[in-house]
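# Structural overview
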Amino acid sequence: MDRRTFIASTIAGLAVPALVRPALAETPSLRFRDLYSRGMELAPEAAALDGSTISIAGYMAPPLKPEVGFFVLTKLPMATCPFCNDASDWPTDLVVAYAADPIDVVRFSTLIMVEGRFETGFKTDADTGFVSFLRLMDVTYSRA
Amino acid sequence: MIRLARVLVSTVSTLALAAPALAQTALPQASDSYFVSAQEQLAALVAQQPNTGKARNVILFVGDGMSIPTITAARIFEGQERGVDGESNSLSFETLLPYVALSKTYTRDSQVADSAPTATAMTTGVKSLNGTIGVSQLAVLDDCSTLAASSVKSIFEIAEEAGLATGVVSTARITHATPAATYAHTVERDWENDMGLAKGEKSTGCTDIATQLVDWSFGDGFEVILGGGRSNFMTAETADPEYPEKTGARKDGHDLIGEWQAKYNDGAYVWNQEQFDAVDTATTKHLFGLFEGSHMQYEADRAKDAAGEPSLAEMTVKSIEMLSQNKDGFVLMVEAGRIDHAHHAGNAARALMDTVALSEAVKAAYDAVNPEETLIVVTADHSHVFSIAGYPVRGNPILGLAGDNADDGKPYTTLGYLNGPGAAVYEGEAPVAPEGSDADTALTIRADLTNVDTTDVDFLQQALIPMGSESHAGDDVAIFAQGPWAHLFHGVVEQNIIYHVMAKAIGLGGAK
């Protein structure tokens, strides 16, 4: 299946690792609130997964424009594009998810499970100039 | 007079004679634990004496969006967290503040209010228009030409002119609607900084809310200002001390924090927990604390804040320590501003935790003042579309599933919202019934929560109507009070009466 494809899960009961009682998959999962130990200080458990394929549940923030190959994953739904607000209102715990192809947009309030290769550390996107600290590369995602 | 006395004596005699007869016919429920408990409550109510003394201090606590179901759910949550019975538990203000009324929150132009006119009602005594702060019904939203004629005076401005001390505390941005109603006058609540103001078509002649706070010239100014919203006081060229990748929001070049420091050379500006803890309240005459660029953290997330933030209770106690130095008394507003934000996000857990934080702040305040001479009021500005549903058994986790399944064969949570982000939206997937469902099971696309931990702090309760932000509600909210003239809070009252009772208690602002 093409990586850009949004996998419309028909398993309505499949919920996210963050909220589901039993562990679901072999892929290690992270929860948003476990990314940082304090402030922007990366938690050791998160740092240890740098370079690994992980899954994380969250919400796709409305993209800045259509036909982009990345989206911002947030802990709680954001009805507006996070970059359309004042910088002070951006959540500090964003994860930027990069896909190989233009993404299929999912409604901002739909909980999704995203799987991809976890990268940590500041990096500037060569095309957009966008600076990120936590990234998921080559992502696939499905409705949780 | 003699005849009246005889009648009284006669009545008393009759009662005295009748009492033993009543005792002989004890009710079958007389020893029931609920009956006995209610008898004790009755005795406490009978013993209650109105306090008609003059208040030295007034503290107004506002739980933003703290609807009555929020209070009920929070009391259950707080009890269950402590391992005691949640349903019969009480938050601090439910026991410490015995006088209660219902507050009608509609505004001059809306059935359902936002926080701007409701805060104005409480701080100035008049109802006004949604979206406006510190102005009367004569204002026109977004039209600065109506500002001068519609501006009204807050009890904080009146108190400062009378020589009292004043303070404002909020976990929201200090320029947000509720705290702003203590000092600002604006026909648009969103004009928190100069850039917000610049977007207004008819904003000429108006001043942004952050500037109004620093320029505030009543008395010797607020003794205490504690909250979030640092970016509205910093220039766009200045890096934030806590988040160096972010900057201030102001484009007019005004460093309002620096201007405040220049204005109050007896004051201290703080932006993190360590600095806050180090403030010597005996020598610091003015305190300005801005602990986040935007809103302060939710109570659930506060421990992980980069620079550390004080709790609402800590800020309340520090404020009282400073304000109490004024022998004439003080007026203080304390807002739990993020109950509202969590509800807007459809996230009940954080709303309840912030409500518990408010309860702790009220207890801390009660312990820090002489309650006999301090009118303490706890209320909400408006409600939310949040409810407690189903027939969960006693002791069921308040954030858990209600028990029985709905007609679609799926479980549902006790707590839920009429609208908001938690609503399921059709995105092409076929509705399915859970395995083993009957043929006539209703088909819905809402998630099956069977294996979901709905007590997780990040869980969003399900909602009916999809909206990016869950909405306020128009039902009445509660007012709790204790202290001088607190007994005036009873029955169903207009929200703006709160100002009038506070003014009467402390003897200011046209009190009769």
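Per-chain numbering applies: the sequence of each chain, read as written, is numbered from 1 onward. Just so you know, chain letters begin at A and ligand numbers begin at 1, following the order they were written in. It should be noted that, the model being predicted, local features are given only for residues of pLDDT at least 70 and side-chain atom pairs only at 80 or more, the latter also being counted only at that level, while totals for whole chains, interfaces and linings use all residues.

Below, the discussion takes up the overall build of chain A. Each helix corresponds to a stretch of at least 4 residues labelled H or I by DSSP, and each strand to a stretch of at least 2 residues labelled E; elements are numbered beginning at the N terminus. Of the regular secondary structure elements, chain A holds one helix and nine strands. By the criterion used throughout, residues are in contact when their C-beta atoms, derived from the backbone, lie within 7 Å. In chain A, the proportion of contacts linking residues at least 24 apart, taken out of those at least 6 apart, comes to 66%.

The next thing to look at is the domain arrangement of chain B. Accessible area lost during the coming together of the parts is what is often quoted as the interface size. Residues and elements named next belong to chain B. An automatic or database domain assignment supplies the residue ranges for each domain. The assigned domain composition of chain B is domain 1 (57–385 + 474–506) and domain 2 (403–470). In this structure, domain 1 and domain 2 have C-alpha centres spaced 35 Å apart. Taken together, the contact between domain 1 and domain 2 spans 12 residues of the former and 14 residues of the latter. Residue assignment for the side of domain 1 that touches domain 2 shows that the elements contributing at least two residues are α14 (338–344) and α15 (348–368). Examining the composition of the side of domain 1 that touches domain 2, we find that three residues originate from one element, α15, more than from any other.

The next subject is the sheet that holds strand β7 (residues 330–336) of chain B. Either a parallel or an antiparallel arrangement is found when strands of a sheet pair, and the pairing is made through backbone hydrogen bonds. Residues and elements named next belong to chain B. Any two strands are treated as partners once DSSP identifies two or more bridges connecting them. What the 10 strands build is an open sheet, ordered β5-β6-β4-β3-β7-β1-β8-β16-β2-β17; its pairing is mixed. Bordering the open sheet on either side are β5 (267–270) and β17 (491–494), each of which pairs with just one other strand. When strand polarity is set aside, the average angle formed by the axes of neighbouring strands in this sheet is 15°. Judged from the seven bridges that link them, strand β1 (residues 57–63) and strand β8 (residues 374–380) form a sheet pairing that is parallel. Across the sheet, the residue bridging to I59 is I376, located in β8. Helix axes are fitted to C-alpha atoms over the stretch in contact, other axes to C-alpha atoms as well, and angles between N-to-C directions run from 0 to 180 degrees.

Moving on, we get to the environment of L96(B). Residues and elements named next belong to chain B. You can see L96 is positioned in helix α4 (residues 92–96). Here exposure depends only on C-beta density: within 10 Å of a residue's C-beta, 20 or more other C-beta atoms make it buried, 12 or fewer make it exposed, and intermediate numbers make it partly exposed, the C-beta atoms being placed from the backbone. The class of L96 is partly exposed, set by 19 C-beta atoms lying within 10 Å. On a C-alpha basis, the gap between L96 and D114 in space is 28 Å, while along the polypeptide they are 18 residues apart. Residues in contact with L96, not counting those within four places in the same chain, are V362, K363, Y366 and Q482.

All right, on to the pairing of strand β8 (residues 111–124) of chain A then. Residue and element names in this part refer to chain A. The pairing of strand β5 (residues 53–60) with β8 spans seven bridges and is classified as antiparallel. Counted as the bridge partner of G58 is I112 from β8. Taken together, the 10 bridges between β8 and strand β9 (residues 131–143) define a ladder with antiparallel strand orientation. Paired with M113 across the bridge in β9 is S142. In sequence, β8 turns back onto β9 through a hairpin of six residues, with G129 there showing a positive phi of about 80°.

All names here are of chain B. Close contact between helix α3 (residues 68–82) and α15 brings their axes to 9 Å; oriented N to C, the two are set at 80°. Taken together, α3 and α15 sit at an angle that is classed as roughly perpendicular. Contacts between α3 and α15 involve T70, I71, A73, A74, F77 and E78 from the former and A348, A351, L352, T355, V356 and S359 from the latter. Charged means Asp, Glu, Lys or Arg here, nonpolar means Ala, Val, Leu, Ile, Met, Phe, Trp, Tyr, Cys or Pro, and polar covers whatever is left, Gly included. Residues of the contact of α3 with α15, tallied by class, amount to eight nonpolar, three polar and one charged. Convention used here: angles under 35 degrees read as roughly parallel, angles over 145 as roughly antiparallel, angles from 65 to 115 as roughly perpendicular, and any remaining angle as oblique.

Looking now at the nonpolar core. Here, a nonpolar core denotes buried Ala, Val, Leu, Ile, Met, Phe, Trp, Tyr and Cys residues that are linked to one another through C-beta atoms within 7 Å. In terms of nonpolar packing, the biggest core is built from 161 residues, with A97(A), F61(B), A361(B), L375(B), V377(B), A481(B) and M502(B) touching the most fellow members. Looking at this core element by element, the count peaks at 11 residues for α15(B). Looking at which domains feed residues into this core, each of domain 1 (57–385 + 474–506) and domain 2 (403–470) of chain B supplies at least three. In this view, A361(B) contacts F61(B), L312(B), A313(B), T316(B) and V334(B); residues no more than four positions away in its chain are not counted.

Glancing now at unusual backbone geometry. For residues besides glycine, phi is generally negative; the peptide bonds are generally trans as well. Residues and elements named next belong to chain B. With a phi close to 70°, D142 is a non-glycine residue in the positive phi region. Within the element layout of this structure, D142 appears in the loop between α5 (115–124) and α6 (147–150). Exposure remark for D142: the 19 C-beta atoms within 10 Å place this residue in the partly exposed category. A positive phi angle is found at W485, which is not glycine, with a value near 65°. Positionally, W485 belongs in the loop between β16 (477–482) and β17.

With that settled, the discussion passes to the sheet that holds strand β14 (residues 463–466) of chain B. Residues and elements named next belong to chain B. With mixed pairing, three strands are arranged side by side in an open sheet as β10-β13-β14. The two strands at the open ends of the sheet, each matched to only one other strand, are β10 (386–388) and β14. Put simply, the sheet's adjacent strands are angled 20° from each other on average, direction ignored. The pairing of β10 with strand β13 (residues 415–420) spans three bridges and is classified as antiparallel. Its bridge partner lying in β13, S387 is registered against G416. Where α3 meets the sheet, it contacts β10 and β13, and its direction lies at approximately 50° from that of β10.

All names here are of chain B. Across the interface, helix α13 (residues 312–323) lies against α15 with an axial gap of 8 Å and an inter-helix angle of 25°. One element, α13, and the other, α15, form an angle in the roughly parallel class. Of the two elements, α13 crosses α15, and the hand of that crossing is right-handed. Counting all contacts with α13, which are made through L312, A313, T316, V317 and I320, the residues of α15 involved are A357, L358, E360, A361, A364, A365 and A368. Here the residues of the contact of α13 with α15 sort into 10 nonpolar, one polar and one charged. Take the far helix as the reference: if the near one is turned anticlockwise from it by less than a right angle, the crossing is left-handed, and if turned clockwise, right-handed.

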